[in-house]
Amino acid sequence: MENEVLPVDKIQQLCQGGSGVSDFGDVLVVGGGVSGIQASLDLATAGFKVYLVETGPSIGGNMAKLDKTFPTNDCSM
Amino acid sequence: MKEDKCDICRGVCQADAIDFRQTPKKRDINVGAVILAVGIEPFDPKTKDEYGYGRMENVVTSMDYERLLSSTGPFAGEVLRLSDKKHPKKIAWIQCVGSRRLTEGENSYCSGVCCTYTQKQVILTKGHDADVDCTIFHNDIRAFGKDFERYFQRAEELPGTRFIRSYVAIDRELPESKNVVIKYATNDAGVKEEEFDLVVLSVGLNPPENFRELADKFGIDLNHHGFSRAIHSNPIATNQPGIFVSGAFQGPTDIPESVFTASGAGAQCGELLDYRRGKLANERVYPEERDVSFEEPRIGVFVCHCGANISSVVNVPATVEYALTLPNVVYAQEQLFSCATNSAQQITDLAKEKGLNRIVIAACSPRTLEPLFRDTLREAGLNQYYCDMANIREHCSWVHTKQKEDATRKAKDIVRMSVARTRYLEPLQEFDLPVNPRALVVGGGIAGMTTALSIAEQGHEVELIEKNNDLGGMARRLHTTIEGMEVQPFLKETIRKVYANPLIHVSHNAKITDVSGFLGNFSATVATEGRVKKIEYGAAVLAIGADEYQPSEYLYGENDKVFTHLEIGEEIAAGNEAVTRADSLVMIQCVGCRNEERNYCSRVCCSHAVKNALKLKANKPEMEIYILFRDMRTYGLREDYYRDAAEMGVKFIRFEMDDQPQVEAVKAGGKDILRVSVPDLILGKRLELDADIVSLAAAVVPAAATAEIAGMFKVALSPDEFFKEAHVKLKPVEFAADGVYLCGTAHYPKHIQETINQAYGAAGRVLTLLSQDTVTASGSICEVHEDDCVSCGACITACSYDAIEFKQTDKGRKAWVNPVLCKGDGLCNAKCPTNAIVLKHFTDAELLSQIDAA
Amino acid sequence: METVAPFNEIVDEIKAAGGEIFKMCFQCGLCDSVCPWNRVRPFSMRKLIREAAFGLTDVEGEELWLCTTCGNCALQCPRQVKQIDISVSLRRIATEYQVFPTSVKPVRTMSGSLVGEGNPLNEARGKRGDWAKEYGVKPFSEDMEILYFVGCYLSYDARLKKVAAATAEVLKKAGVNFGILGEKENCCGESIRKAGDESVFKRLATDNIKTFIDNGVKKILVSSPHCYHTLKNEYPEFMVHFEIVHVAQYLAELIAAGRLKVDGELAKKVTYHDPCYLGRHNDIFDEPREVLGKVGKLELVEMADSRKKSLCCGGGGGRIWMETANSERFSNLRLEQAREVGAEILVTACPYCITNFEESRLNLELGEVLEIKDISEIINDAVK
Ligand SMILES: Cc1cc2nc3c(=O)[nH]c(=O)nc-3n(C[C@H](O)[C@H](O)[C@H](O)COP(=O)(O)OP(=O)(O)OC[C@H]3O[C@@H](n4cnc5c(N)ncnc54)[C@H](O)[C@@H]3O)c2cc1C
Ligand code: SF4
Ligand code: SF4
Ligand code: SF4
Ligand code: SF4
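Small disclaimer: the values here were computed from a predicted structure and weren't measured.

1. Section: the sheet that holds strand E9 (residues 345–348) of chain C
Residues and elements named next belong to chain C.
Then step 1. In space, the 4 strands of this open sheet follow the order E8-E7-E9-E10, with parallel pairing throughout. Because the sheet does not close on itself, it has two edges, and the strands there are strand E8 (299–301) and strand E10 (371–374). Across the sheet, the axes of successive neighbouring strands diverge by a mean angle of 35 degrees, strand direction being ignored.
Then step 2. As paired elements, strand E7 (residues 269–272) and E9 share 3 bridges and run parallel to each other. Looking at the pairing, Tyr272 lines up with Val347 of E9.
Then step 3. Along the sheet face, helix H13 (residues 286–293) touches E7, E8 and E9 and points at about 165 degrees away from the line of E7.

Encoded structure:
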């Protein structure tokens, strides 16, 4: 995993490739709990290509295991 | 067994969700930024034998209990004991399991969520069966969040609920009944022993199991608890540029905070990657819409099981069969979860295959899922308004759990009505409006500045409106945070960045006098330094902060030795020796809130008291400091500082509302002192403390202008008169009014770091709007048949959104609906004497047919 | 409600006496919930700590003498308050002022005897090694493998001398080359220290240490967990380190090394009581069970409160010398627990436990149905 941010011109160059290049994204989100999902949705809406990775077989994290959630007591699904 | 797998589940799973052939595939991905949202892991009490978990059948964790409460849980929503599958009649919750404990294997911090989720479980339990006796054993109730205090009271006031202040010994399991015996301490009646049918361990939150590996992989620093090491000035950032954290990986947090830190992390990615926005993302392409308006209605009905939420009560197959008998219904089937991706695909496919042109989804509330199903219709090449949702969950299965047959009959009725209406549905067009890319931020405190900077960093102009001479707000009066951040240098730097940013325009001494317009196209009139500006903008963030309560209690304002915590902080920073060299100092908590008048907790003052005490003790270790409190609410990682203060010799004394401290100015030993008396519940005696200085935890109250601003921006207030967000969890930083956002203490009291988190969150949400060239307005809005309009104006008065105005037409002055402002609530329809104004998608024909079918 | 002001002079005294940790208590009540006293009468460690925090301790009262130092609360306290240190600090102050409630009065006699004769039982120092004569136990010399530090109760008490004898015999059967110090041995000082007399403790400890050094002692075998605890964990305060082994551990060691063959049988239902100072305080839970498991036909059953949760016999913290009303004895409850699981023999590994249990056995008239044994007695009988 690259720790430093890629140089800007490199990224721009990659972006020129257009959306045909499948393994280039803008943001990698690690963790598909409520926080990871929200971040992914926001970024996608704001025009970024997002990869969401989750160790488990489904997304939802801890919230998906809750019945209803405080303080509104609505369903968490 | 094939390939060492028994394979039974695959046959049983109705959703076909099990596929053993899936294998992990390795893929290399190149990205410009990373967000770590790896969350938390519930504490595992098996590691501590004392809790009896795994040893006693009727000791469960709160996570297990969530599953018991859930209709998709092991007993389909019935709370049953594992030992005998009977309904427990007496349940105990044990708080702080795995939290606030220095014992090996447990966490020293407070997990922050378990007090409130326990109250939720109590409320839900009582909803299942009002006769269950619920007892909660705790040491502090940490109801520090917005509306938490009221929520706690709601739980506490339920008959048969007891909150008992004691940690407990889970003593033994009775061999016959498998009941669990608990021992707990009382203040005056010694140790009591009590038998419970079921014991729920309110387990805390651990960092994710693999946190070390992750941290190594990404090269980020963790704190000693295993959470991301927060950068004080920006908890979303890490020591690695381009790598951000959101959610509970920052430290234990609840859902709302997990959501807005997510938006905040989004904003920070946006700052970094703005130059490439939109370059990689694919636009969704929908098939061309088929014109079916001339066709005979061909309705498809999909009845959802919702796991077991619906099907455990309503007979779903029978409902499907019934639907097939209804006029114009050409197809019907059941689905396990209609909202699942594969189900949506199925609907799309069937619509094409069977030539359906209208769809009824008999499932849950349209509030959350209607957009999804509309999207499904678009995928099928149909106008999205040809969809109707028959709510057979909230309106049927959830409310009639006990009457299965009647519920099935009702479900059929609801479906029949929906089908009747669907026959008359008309295709509607949504339309696009241009978005002004500029943002308005009201309030120049940390929240407003942080939001403004983040929006500007993402390439948008920002108008920042500050009512005072200077930027900075409340933070000007704060010097350090409990975590040790120096506030003033940070503030200076933030202010400098704001002024230095060419995209941010600051108005000082400014007052907003008028606001008009609609989503994406607002305009505000601002009086600033002798002139009046008109500002056009696409989105607004309200960050007007909060004020400090001016106490009338405890001699404040009468005696110059009585301060507020905020003032004491300033005196410490200024080196006032009367304070820093005092021999004895008493702090009194919860002044002006957690009472009838202000029924909320100000959230910051417990930590504030601890922070000041630590500072004073560091200066003069022999100073006697007493903190008189009701519940110590040093939630989350702040618990460590509470403990540090005890370690430094600060004495904490708990008092109850019905016997509060008393302060008296007296002369003793030739000097003027303040005599504070307070009962100590453990001693059973009143303590009399002689203090040189008294400091009050004055409440945080809504900023003076809150109501006025709310009126202008047409946004709502919460019961406590702070700004009210659209939805606590789903939309924590937006208002119900589109295009208006909020952050900081204007929303609710919060610490600086939380404010920064939320401010980035608001910026993130603003960008989801401002980064669009256009917004789409709903097709379900009102329309005036000009021929019928008699220009009486009744509709204009009725509309809560100022969406209707008179317009000059060639037929004269007629009412006109601004399609962007109209929310489609239809109030005007009812008022119009001539039925000239109609709400599309809810026309008389549509509704009457539905009613006729009832 | 009475009004009082904090008494800072007393607070300072308590701090000086080693009880400052009271400041960490956040009044959760867990200590009270787990304390064995609350099974027989109300007692609030939490309140004792709270009083200490404000200097409001009743120095003449009985409460500060109650804690048996069983360690239950300390193990679970979320703030890691060392309740035992607080109790001891308060007792130090009471000892300093020489104020003892009636039930505690015997402690004064004990400490006199400790100073004069090196034991709390008013027995002559010269007779300390008498029990060993008939078993031919030799005085310790430097070339020996191990020193057997017998302890006061095993040296003088009629019932416990049998335990000393059994230990000596089993050691011989294993061919261990060991010796005793006889009249040169002093009480280890553990209990008098917990009873608040630090100076007597220091005197006993330094005397013992000097004797150990003079005699070239390296490894020490003890029969009492109290000796074990203080020799192992407290004597190092004097900058010395000896290898300490409790008889339960040593038996396990000898068996593992093949030096001791447990070839006998005991067709009885046996339960094992974890002494506080062996189990909770020093984490020795498995070895005694392992050793008992070697005895053929022996059926080992566990009582309701075992291992970490073991119910104190009531003898720690100097309580062995103080008066406890019959209705308030933990040992009575413990014997009932043993009966509940159908045990015929209650085995333990501590002289105080045996003393208390034997007394309860008489009081509860269980003479016919329940035997009390030390682990060394069981093993000695099971080795030919
Ligand atoms: C019993 C209980 C009840 C609760 N009730 C409530 C409530 O009523 N209301 C409320 O507001 N809060 C409640 N909470 C708290 C709530 O669950 C959390 O605030 C929230 O779920 C945190 O969301 P998150 O996305 O940050 O973390 P999580 O939900 O923990 O999600 C993190 C996700 O990341 C994944 N992940 C971890 N590591 C990796 C990796 N290396 N690579 C890829 N994926 C990874 C995890 O599998 C998980 O899916 C409750 C908590 C508990 C334990
Ligand atoms: S005090 Fe903190 S750790 Fe304890 S239950 Fe409440 S929120 Fe959880
Ligand atoms: S002092 Fe403040 S934070 Fe603490 S409980 Fe009272 S209102 Fe809440
Ligand atoms: S268990 Fe510890 S923190 Fe709790 S009351 Fe007892 S001493 Fe205080
Ligand atoms: S050590 Fe044992 S006897 Fe003493 S207070 Fe704690 S639990 Fe009670």
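2. Thoughts on the interface of chain B and chain A
Then step 1. Taken residue by residue, the interface counts 69 residues in chain B and 47 residues in chain A.
Then step 2. In this assembly, chain B packs against chain A so that about 5,100 Å² is buried in total across both faces, 62% of it on carbon and sulfur atoms.
Then step 3. Linking chain B to chain A there are 2 salt bridges.
Then step 4. Applying the counting rule to chain B against chain A returns 22 residue pairs in polar contact (both at pLDDT 80 or more).
Then step 5. Of all the elements in the fold, those that place two or more residues in the side of chain B that touches chain A are strand E1 (33–36), helix H2 (62–69), helix H3 (114–128), helix H4 (148–157), helix H5 (211–218), helix H6 (255–273) and helix H19 (752–770) of chain B.

3. A word on the pattern of salt bridges
Then step 1. Summed over all chains, the structure comprises 87 salt bridges over all chains.
Then step 2. Linking B:Lys671 and B:Asp583 is a salt bridge whose minimum nitrogen-to-oxygen distance equals 3.8 Å. Of this pair, B:Lys671 sits in strand E31 (residues 671–680) while B:Asp583 sits in the loop between helix H15 (577–580) and strand E27 (584–591), and the two are 88 residues apart along the sequence.
Then step 3. According to the relative accessible area criterion, B:Lys671 is partly exposed, its value standing at 38%.
Then step 4. Note on B:Asp583: relative accessible area 44%, which makes it partly exposed.
Then step 5. Among the ionic pairs, C:Arg41 bridges to C:Glu63, the shortest N-O distance being 3.0 Å. Of the two residues, C:Arg41 sits in the loop between helix H2 (30–34) and helix H3 (45–53) while C:Glu63 sits in the loop between H3 and helix H4 (72–76), which places them 22 residues apart along the sequence.
Then step 6. Each of C:Arg92, C:Glu190, C:Arg193, C:Lys194, C:Glu198, C:Glu234 and C:Glu237 takes part in salt bridges that share partners, so that together they form one network.

Rules behind the numbers
- Residues numbered from 1 in each chain as written.
- Chains lettered and ligands numbered in written order.
- Predicted model: local features only at pLDDT ≥ 70, side-chain atom pairs only at ≥ 80, totals over all residues.
- Heavy atoms only, no water.
- Pairing = 2+ DSSP bridges.
- Helix = DSSP H or I, 4+ residues; strand = E, 2+ residues; numbered from the N terminus.
- Axes fitted to C-alpha atoms, helices over the stretch in contact; angles between N-to-C directions.
- Contact = heavy atoms within 4.5 Å.
- Buried area = accessible area lost by both parts, 1.4 Å probe.
- Salt bridge = Lys/Arg side-chain N within 4 Å of Asp/Glu carboxyl O.
- Polar contact = N/O pair within 3.5 Å; in protein donor to acceptor, adjacent residues only side chain to side chain.
- Buried < 20%, exposed > 50% of the residue type's maximum accessible area, 1.4 Å probe, protein only.

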